[in-house]
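Fold and geometry: a report
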Protein chains: 2
Amino acid sequence: VRVAGVPRRTIWLEADGWSVGVIDQTKLPAVFETVSLKSYHDVARAIRHMVVRGAPLIGVAAAYGLALALRDDPSDKHLSTAAADLFATRPTAINLRWALDRVKAVVAPLPPDERAAAAYREAARIAEEDVETCRAIGEHGARELVRIYQARGGSQPLRVLTHCNAGWLATVDIGTALAPIYRLFDDGVPIRVWVDETRPRNQGYLTAWELREHGVPFSVIADNAGGHYMMRGEVDAVIVGSDRTTANGDVCNKIGTYLKALAAFDNEIPFFAAVPSSTIDFSLPEGASIPIEEREPSELTSDFEARNPAFDVTPARLVTGIVTERGVARADAASLAALFPERVG
Amino acid sequence: VRVAGVPRRTIWLEADGWSVGVIDQTKLPAVFETVSLKSYHDVARAIRHMVVRGAPLIGVAAAYGLALALRDDPSDKHLSTAAADLFATRPTAINLRWALDRVKAVVAPLPPDERAAAAYREAARIAEEDVETCRAIGEHGARELVRIYQARGGSQPLRVLTHCNAGWLATVDIGTALAPIYRLFDDGVPIRVWVDETRPRNQGYLTAWELREHGVPFSVIADNAGGHYMMRGEVDAVIVGSDRTTANGDVCNKIGTYLKALAAFDNEIPFFAAVPSSTIDFSLPEGASIPIEEREPSELTSDFEARNPAFDVTPARLVTGIVTERGVARADAASLAALFPERVG
C-alpha cells in the first residue's frame, strides 16, 4: 500500500539490519510516524499499548520480538522468558501464540549462535506469508462481494460495512476484511464503505485513513448507527476481521462485532469474517472459552467507573461465511476442517 | 432530584416570573451551569443544540417557548410562526408537537391580551403532569424489575442496562427509564446499572452523572460492549426511553437502541421501553414512517466524511413491555389501545 505515494508495509527491518521498524498506530490518523523497536521489551510494549495492533501484525511483531531477544541472549532460558512475556501482552489474539510457537520450533534445535539469524529469517517468512495470505483472502472475498453486487443488479455502488480496522494497518500489507474491498475497488467495481467508529480505541479512524489514502469512498458512523442503516436497506454486506475463530466457526473480534452480526442476521444481510488460517484456533471447540481481554477503563473515561472488554464472540449461526486464504468456508466445524484437514486431529 | 444537596428540576420559571431557566446539558457532566431563556428563539436554539434534550423535557421547553413568544407578540400570526419554528427544531420526538398543539389549543380561543398568561399556566401544567407521569412510570417499571430480581433468587444485585439518558435530565424530574431504577434503589433493592456511553453525543455520561449524584452503583461501557455482557449473563434487564412509539409498539429511541434490543432478544433478556403516553404516536401505524433526524456529522468527526442519524427504530417484536404511566402494555396495538382507549379512533 502507498502512503503519500510511497509504498509501505506496517513492519520492516531497519537499515541497520536488526532493529524493527513499525508505524506508531496510536498517532494515526493525526500523524504518520514510525518507531524503531530495539529489544523484545520494546516489542512487548508496542503490542500492549497498541502501537502495533491487528491479529496478523501482532503475530509478525511477536516473531521479530523473539529475534531481538535471541540477538541479546540466545540461551534457552532467555528464549522462554521472552516468549512468555510476549505472549502475555494480549490474551485474545491467537496469532501471537501461533507466531511465537513457530519461531520457537525453528530455533530450539539450533546451537545458540545460529538462533538469532534463524529467528529473523522465520519472522521475515511469516511476514511474507501474511502478505500472500491477505492477497488470497482479498481474491476469495471479492468473489463473494461481486456476487452480491451482481445479485443487486449492479445499478448502484456495493455498500459494505466494517467494524474496527482489519485493513492494511492490521496486517503486513493489504489487510484481511479490507482486502476484498481494495481488490474490488482496484478492479473498478463501484463500492462504498460504512466505517464503524469502533469505540473506545476508535480504530475506525485507522480504517477511514487507509481508505482515504487509497481513494475508496466511505462514511464513518457511530457504532450505534449500523443497525439503522441495515434496517433501511443501505448495507449490502458486512465484513470484519477476527482475532480468533474457533473450530466451530465462532468469531471472536473487536467488541461490538456481535451486535453488527445480529443486525445483519435480522435484516438478511450477509456477514463475513475474513480470517487468515493462523487466527483459527482448532483446539477450541467454541468461542465461549476464548479469554476476553479487559483493557484499562481509562480508554473509555477517567471521570466515571467503567468497564472495557476489548472483544466479543459472534456465534457461528450469525456468520454467512468465513473467508480464508484457501477459500470461503461455511461457519461450521466440518466446512472449516475440510479446508484445513492438516489442522484437525 | 437533588444536585449537591439542593432539590432541582430541569426547567423552571426564573425569579422575574417570565424567563425560563434550564440546565445547560451540553456542559454536563463537567460543569453544572444554568441558563435563562428569554425568547422563543432562545428556546428553539436550546432545543436544537441540545442544551435541553430528552423527549419529555423538549415538550415542556417548547410549551414555555410558546409562552415567551406570546409575551412578545400575542397575534395569531406570531403564534403560528413561533409554533412552526419550535416544531422544526427536532423532527423525531413527538412530544414537541404534542406540547405545542396543547398550548395552541388553549390559547387560540382567547383574546390576545390573555394568551401569554394562559400559555405560561399550560406550560406549568404540562411540567407538573410530567413529574406525576414519571413517578407512575417508576412505580410500574419497578414492579416489573422486582419480579425479575426475585425470579433470579435475589442473591446478587439486579443488573440493568440503559442506553442514552432517559433520566431526570431528560424530563422535568425523576426520569422515564431511570425512574424505576431510582425507585428500586430508594426502596433498598440492590441494583447496578450498565450505562451505554451513547456516541456521538455521549449522553451516557449524563446518566452516569445523575446516578452518581443519587448514589446508584453503575459502570459506563462503550456502546459496543452491551451484547458481550448480555451473552455472558451479566445483564438481567434492559430499559430505555423513547422519543416516539407508534401505535403497534415500535419504539423509536436514541441511535443504537435497536442493537441492544437485538442482543437482549438473542439472550432472552427482558427489554422495556419507558414511555410517557405523550410520546406515543397513535396516528402512525408503525415505526418505519417516523422521520429520523440526521444531525451534523461534526458531532462524530470533523476529519473524515461521516453520517450521523440520531435515532433508530426498535421493532415491537423485540420489546418485552412498554411501561406507561397507566401500567405496562405489551408492544402491540391492542394492548396499547386498551391502556389508552381515548387516544384511538
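Refer to the structure above for everything that follows.
Just so it is clear, the structure is predicted and the values come from calculations on it, not from any experiment. (Residues numbered from 1 in each chain as written. Chains lettered and ligands numbered in written order. Predicted model: local features only at pLDDT ≥ 70, side-chain atom pairs only at ≥ 80, totals over all residues. Heavy atoms only, no water.)

1. Brief notes about the packing of aromatic side chains
For any pair of aromatic rings, the description rests on two quantities: the centre-to-centre distance and the angle between the ring planes. Where we set the bar: Pairing of aromatic side chains requires ring centres within 6.5 Å, counting the rings of Phe and Tyr and the six-membered ring of Trp. Pairs whose planes differ by under 30 degrees are stacked, by over 60 edge-to-face, and all others tilted. By definition here, charges over rings are those cases where NZ of Lys or CZ of Arg is within 6 Å of the ring centre and within 35 degrees of the ring normal.
Scanning the model with the defined rule gives 14 aromatic pairs over all chains in all. Every member of this aromatic cluster is reached through a ring pair, and the members are A:F32, A:W168 and A:W209. When the ring centre of A:F311 is taken as origin, the NZ or CZ atom of A:K254, which lies over that ring, is 4.5 Å away. Taking the ring centre of B:W12 as reference, the NZ or CZ of B:R8 above it sits at 5.7 Å.

2. Here we look at the nonpolar core
As a reminder, the rule being used: For this analysis, a nonpolar core means a set of buried residues of the types Ala, Val, Leu, Ile, Met, Phe, Trp, Tyr and Cys, connected via side-chain atoms within 4.5 Å. Only protein chains enter the accessibility calculation, which uses a 1.4 Å probe; a residue whose area is less than 20% of its type maximum is buried, one above 50% is exposed, and one in between is partly exposed. For helices the rule is a DSSP run of H or I covering at least 4 residues; for strands it is a run of E covering at least 2, with both sets numbered from the N terminus onward. By definition in these notes, contact holds between two residues if any of their heavy atoms fall within 4.5 Å.
With 64 residues, the main nonpolar core has A:M230, A:V235, A:V238, B:M230, B:V235 and B:V238 as its most contacted residues. Elements that contribute at least two residues to this core include exactly α8 (226-231), β9 (237-240), α9 (257-266) and β12 (271-274) of chain A together with α8 (226-231), β9 (237-240), α9 (257-266) and β12 (271-274) of chain B. Residues within four places of A:V235 in sequence aside, it is in contact with A:R159, A:L161, A:W194, A:Y229, A:M230 and A:I269.

3. Overview of the interface of chain A and chain B
Here is the rule: A 1.4 Å probe defines the accessible area here, and the buried area is the portion of it lost by two parts on being joined, summed over both. Here, a salt bridge means any Lys or Arg side-chain nitrogen found within 4 Å of an Asp or Glu carboxyl oxygen. In the analysis that follows, any N or O atom pair within 3.5 Å is treated as a polar contact, provided that within protein one partner can donate a hydrogen and the other can accept it, and provided that, for residues neighboring in sequence, both atoms belong to side chains. Gly counts as polar in this scheme, as do all residues outside two lists: the nonpolar Ala, Val, Leu, Ile, Met, Phe, Trp, Tyr, Cys and Pro, and the charged Asp, Glu, Lys and Arg.
The interface is formed by 53 residues belonging to chain A together with 53 residues belonging to chain B. For the pairing of chain A and chain B, the buried interface totals around 3,900 Å² over both sides, and the portion due to carbon and sulfur atoms is 57%. The largest per-residue losses of area from chain A upon contact with chain B belong to A:N224, A:L259 and A:F304, which jointly make up 20% of the total buried on that side. In this structure, the connection of chain A to chain B is made through six salt bridges. For B:D266, the salt bridge goes to A:R317, with nearest N and O atoms at 2.9 Å. Counting across the interface, chain A meets chain B through 29 residue pairs in polar contact (both at pLDDT 80 or more). It is α9(A) that contributes the most residues to the side of chain A that touches chain B, six residues altogether. Split into classes, the residues belonging to the side of chain A that touches chain B amount to 28 nonpolar, 10 polar and 15 charged.

4. A word on the packing of helix α5 (residues 112-151) of chain A against helix α6 (residues 178-186) of chain A
Residue and element names in this part refer to chain A. Stated formally: Lines fitted to C-alpha atoms define the axes, with helix axes restricted to the stretch in contact, and inter-axis angles between N-to-C directions lie between 0 and 180 degrees. For classification purposes, angles smaller than 35 degrees are called roughly parallel, those larger than 145 roughly antiparallel, those between 65 and 115 roughly perpendicular, and all remaining angles oblique. Should the near helix be turned counterclockwise from the far one by less than a right angle, the crossing is left-handed, whereas a clockwise turn marks it as right-handed.
Across the interface, α5 lies against α6 with an axial gap of 7 Å and an inter-helix angle of 70°. With respect to their mutual orientation, α5 and α6 come out roughly perpendicular. For the pair α5 and α6, the sense of crossing is right-handed. Together, C134, I137, G138, E139, G141, A142, L145 and V146 of α5 and A179, P180, I181, R183 and L184 of α6 make up the contact between the two elements.

5. What to know about the relation of the copies chain A and chain B
Quick reminder of the rule: Least squares is the method used to superpose the copies, on C-alpha atoms of residues holding a pLDDT of at least 70 in both.
Least-squares fitting of chain A to chain B yields an RMSD of 0.0 Å, with the superposition described by an axial translation of 0.0 Å and a rotation of 180°. Given the turn and translation reported, the copies of this chain are related as if by a two-fold rotation axis. Considering only C-alpha atoms, the part of chain A nearest the rotation axis is A:L259, at 2.9 Å. Taken together, the interface assignments show that 100% of the residues at the interface of chain A recur at the interface of chain B, consistent with an identical surface on both copies.

All quantities given are derived from atomic positions and should not be read as evidence of function.
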